[in-house]
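Spelled out from the first residue to the last, the chains are:
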Amino acid sequence: IELEDHSKVTLDAKTKLRVRFSRDARVVELAEGQAQFSVAKDASRPFKVIAGDHAVVALGTVFTVEYLDNEFHVAMLEGRVAITGLGTETIRMAAPKALEISAGEAVQVTGAGAVTVIPNADLSAATAWRQGRVIFHDEPLGSAIRRINRYSKVQLEVDDARLAEVSVSGVFEVGDTRAFAQAVQAYLPVSADYSDPGTIKLSPR
């Protein structure tokens, strides 16, 4: 999507956003999902992406923002941004005091508020969705399932809390839920129930 200021936004599956431009600010509210932003330079109107309690402030740069289940992730492809907690002043300030990251870096904020700065981020993983893939690096199974489920009508389920915390790694095609379930079965002590055509249930083996 090309916005009225000529910034460009690429949307991932199940992504919702709202654009609000004014004379002194360009604000995009990311309600859920993931998007890549290529921001047109306009020093008089900072570009802000708001997701939950956080805001990403940029002038001219390229970055991705993912907001899923109250977890927030930003990966920098070009330029530099500032990341700050959301507040009424955040929307108005051109340069708030905040955490700043540059190209090649990423920031992850858990639902509990724990912040991790990744100095040498895997940008190929952060943008893999643009090539129809999803990449996991030691990600909890429960989190991986939430991401996989965004791309398919066939939904994965895991009811066991311990199993949901087991780490998974790999590269998968988006929408190929069955292949993901088969890989998990092959490499982890997991059984998959395919009896429901719309759901694949994973349980400890």
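On to the overall build of the protein chain. Looking only at helices and strands, the protein chain has five helices and 16 strands in total. Computed over C-alpha atoms, the radius of gyration of the protein chain comes to 18 Å, within 12% of the 17 Å expected from 2.2 N^0.38 for 205 residues, which places it in the range of a compact globule. Principal-axis analysis of the C-alpha atoms places the extent of the protein chain at approximately 60 × 30 × 25 Å. Taken over 205 residues, the protein chain has a buried fraction of 44%. Counting only contacts in the protein chain whose residues sit at least 6 apart along the sequence, the fraction spanning at least 24 positions is 47%. Accessible surface, the protein chain: about 10,600 Å² in total, of which carbon and sulfur atoms supply 49%. When the 23 positive and 27 negative side-chain charges of the protein chain are each reduced to one mean point, those points stand 4 Å apart.

What follows is about the pattern of salt bridges. Scanning the entire structure with this criterion turns up ten salt bridges. With its nearest N and O atoms 3.8 Å apart, the salt bridge here joins Arg147 to Glu66. Here the residue Arg147 occupies a position in helix α3 (residues 141–149), and Glu66 occupies one in strand β6 (residues 62–68), the gap between them amounting to 81 residues. As far as burial versus exposure is concerned, Arg147 and Glu66 are alike and both buried. Of the charged contacts in the structure, one is a salt bridge between Arg150 and Glu66, with a shortest N-O distance of 3.0 Å. Of this pair, Arg150 sits in the loop between α3 and β13 (155–158) while Glu66 sits in strand β6, placing them 84 residues apart in sequence. Because the salt bridges share partners, they merge into one network encompassing Asp12, Glu66, Glu139, Arg147 and Arg150.

Glancing now at the nonpolar core. Residues Phe37, Val56, Phe63, Val65 and Phe72 are the most contacted members of the largest nonpolar core, which totals 23 residues. Counting residues per element, this core draws most heavily on strand β3 (residues 26–38), at four residues. Once residues lying within four places of it in the same chain are set aside, the contact partners of Val65 are Leu30, Gly33, Gln34, Ala35, Phe37, Val49, Val56, Phe72, His73 and Val74. In terms of nonpolar packing, the next biggest core, distinct from the first, is built from 18 residues, Phe136, Phe180, Ala181 and Leu188 among them.

The rules behind the values
- Residues numbered from 1 in each chain as written.
- Predicted model: local features only at pLDDT ≥ 70, side-chain atom pairs only at ≥ 80, totals over all residues.
- Heavy atoms only, no water.
- Helix = DSSP H or I, 4+ residues; strand = E, 2+ residues; numbered from the N terminus.
- Rg over C-alpha atoms; globule rule 2.2 N^0.38 Å.
- Buried < 20%, exposed > 50% of the residue type's maximum accessible area, 1.4 Å probe, protein only.
- Contact = heavy atoms within 4.5 Å.
- Areas by Shrake-Rupley, 256 points an atom, 1.4 Å probe, with all protein chains shown as cover.
- Lys, Arg positive; Asp, Glu negative; His and termini not counted.
- Charge placed at Lys NZ, Arg CZ, Asp CG, Glu CD.
- Salt bridge = Lys/Arg side-chain N within 4 Å of Asp/Glu carboxyl O.
- Core = buried A, V, L, I, M, F, W, Y, C linked by side-chain atoms within 4.5 Å.

Honestly, that's just the spatial picture; any functional story needs more than this.
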